[in-house]
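Close look at the chain arrangement
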Amino acid sequence: MTAHILVAYSTRKGSTAEIALAIAKELEKTGAAVTVSDMTTVSSLEGYNAVVIGAPVYTGKVARDVAFFARRNRDALSRVPVAGFVTGIAPVYPKTGDISVFTGQLTEALAPVKPVAVTMFAGNLDASRLSFIERGMTSVLKVPTGDFRDWVTIALWARDLPGKMGL
Ligand SMILES: Cc1cc2nc3c(=O)[nH]c(=O)nc-3n(C[C@H](O)[C@H](O)[C@H](O)COP(=O)(O)O)c2cc1C
């Protein structure tokens, strides 16, 4: 039977959604059927054999969409393998936080569901898409802007998931 995997993302500016699509492309290469959805629009997990969850970090916190999604779907998530990733600038600019703190926040938001894998990917801080306030915040903190997404790292992580998920 073909495994059907949901890649559910949260995003404000699109970069986590694009990472979700890249993960889906990689999972499809392993023969899985994959659906990519904004997690706020997912009403049921029926029919999925596994779920990958991805969300960005803003001002030190993993997007709250994850906790809401996990709460809404707790029973279904406890029956399938779950993996998660967070997106942020911390992997290239540690002053914006600790990777382990953010992956820990993700794990906590999913609890009591235990993910088979969690990681943090470097994201995209697109200067042209920052609001006036965001531009002020990033310049005060001297946060580097740019697209730091490493598509090879993302693809390698995705490629390992079916094995970790027992699919
Ligand atoms: C106002 C603002 C605050 C941010 N705060 C953090 C942070 O505390 N830690 C971090 O690692 N990344 C932080 N980031 C970087 C975002 O997580 C990164 O740009 C991510 O790729 C955004 O994902 P999205 O495009 O899916 O919304 C921040 C970005 C902005 C614009």
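Here, the structure is the one placed above.
Residues numbered from 1 in each chain as written. Predicted model: local features only at pLDDT ≥ 70, side-chain atom pairs only at ≥ 80, totals over all residues. Heavy atoms only, no water.

For the rest of this paragraph, the subject is the packing of helix α2 (residues 65-72) against helix α4 (residues 99-110). Angle between the axes and distance between the axes: these two values describe a pair of packed helices. For the pair α2 and α4, interaxial distance at closest approach is 8 Å and the crossing angle is 25 degrees. As the angle between them shows, α2 and α4 are arranged roughly parallel. Crossing of α2 over α4 shows right-handed handedness. When α2 is examined against α4, the residues Val66, Ala67 and Ala70 are found in contact with a partner set consisting of Leu106, Ala109 and Leu110. Residue composition of the contact of α2 with α4, by class: six nonpolar, no polar and no charged. (Axes fitted to C-alpha atoms, helices over the stretch in contact; angles between N-to-C directions. Helix = DSSP H or I, 4+ residues; strand = E, 2+ residues; numbered from the N terminus. Parallel < 35°, antiparallel > 145°, perpendicular 65-115°, else oblique. Left-handed = near helix turned anticlockwise from the far one by under 90°. Contact = heavy atoms within 4.5 Å. Nonpolar A, V, L, I, M, F, W, Y, C, P; charged D, E, K, R; others polar.)

Let us look at a nonpolar patch on the surface. Together, Phe132, Ile133 and Met137 give the surface a local cluster of nonpolar side chains, amounting to about 390 Å² of exposed area. Among the residues examined, methionine 137 registers a relative accessible area of 37% and is labelled partly exposed. (Patch = residues over 30% accessible without salt bridge, like charges linked within 9 Å, V, L, I, M, F, W, Y side chains within 5 Å. Areas by Shrake-Rupley, 256 points an atom, 1.4 Å probe, with all protein chains shown as cover. Salt bridge = Lys/Arg side-chain N within 4 Å of Asp/Glu carboxyl O. Buried < 20%, exposed > 50% of the residue type's maximum accessible area, 1.4 Å probe, protein only.)

Once that is clear, we can look at the environment of tryptophan 151. Relative to the helices and strands, tryptophan 151 is located in helix α6 (residues 151-165). Apart from the residues lying within four places of it in its own chain, the contact partners of tryptophan 151 are Glu18, Ile19 and Ala22.

Moving on, we get to the nonpolar core. Core analysis: the biggest nonpolar cluster contains 26 residues, and Leu6, Leu45, Val51, Ile53, Val66, Phe69 and Leu77 have the highest contact counts within it. Contributions of two or more residues to this core are made by β1 (4-9), β3 (50-58), α2, β5 (82-88) and α4. (Core = buried A, V, L, I, M, F, W, Y, C linked by side-chain atoms within 4.5 Å.)

In the region of the ligand, 24 residues are neighbours, and Thr11, Ser15, Thr16, Val57 and Tyr58 sit closest. Lysine 13 is positioned with one of its backbone polar atoms (N or O) 2.9 Å from an oxygen atom of the ligand. One of the backbone N or O atoms of glycine 14 is found 3.4 Å from an oxygen atom in the ligand. Its free accessible area being 650 Å², the ligand has 95% of it covered by the protein chains. Under a 2 Å grid-point criterion requiring more than half of the atoms, the pocket assigned to the ligand is the largest pocket. Of all elements in the fold, only α1 (15-29), β3, β5, β7 (124-125) and α5 (132-140) reach the threshold of two or more residues within the shell around the ligand. (Near = heavy atom within 4 Å. Polar contact = N/O pair within 3.5 Å; in protein donor to acceptor, adjacent residues only side chain to side chain. 1 Å grid on protein atoms, 1.4 Å probe; cavity = no way out; pocket = protein on both sides within 12 Å on 5 of 7 lines; lining within 4 Å. Sits in = over half its atoms within 2 Å of the grid points.)

What follows covers the packing of aromatic side chains. Applying the stated rule across the entire model yields three aromatic pairs. Between phenylalanine 85 and tryptophan 157, the aromatic rings sit 6.1 Å apart at their centres with planes inclined by 75 degrees, giving edge-to-face as the arrangement. Note that phenylalanine 85 is positioned in strand β5 and tryptophan 157 in helix α6, a separation of 72 residues in sequence. The interplanar angle of 85 degrees and the centroid separation of 5.5 Å between the aromatic rings of phenylalanine 121 and tryptophan 157 together place this pair among those described as edge-to-face. (Phe/Tyr/Trp six-rings, centres within 6.5 Å; stacked < 30°, edge-to-face > 60°.)

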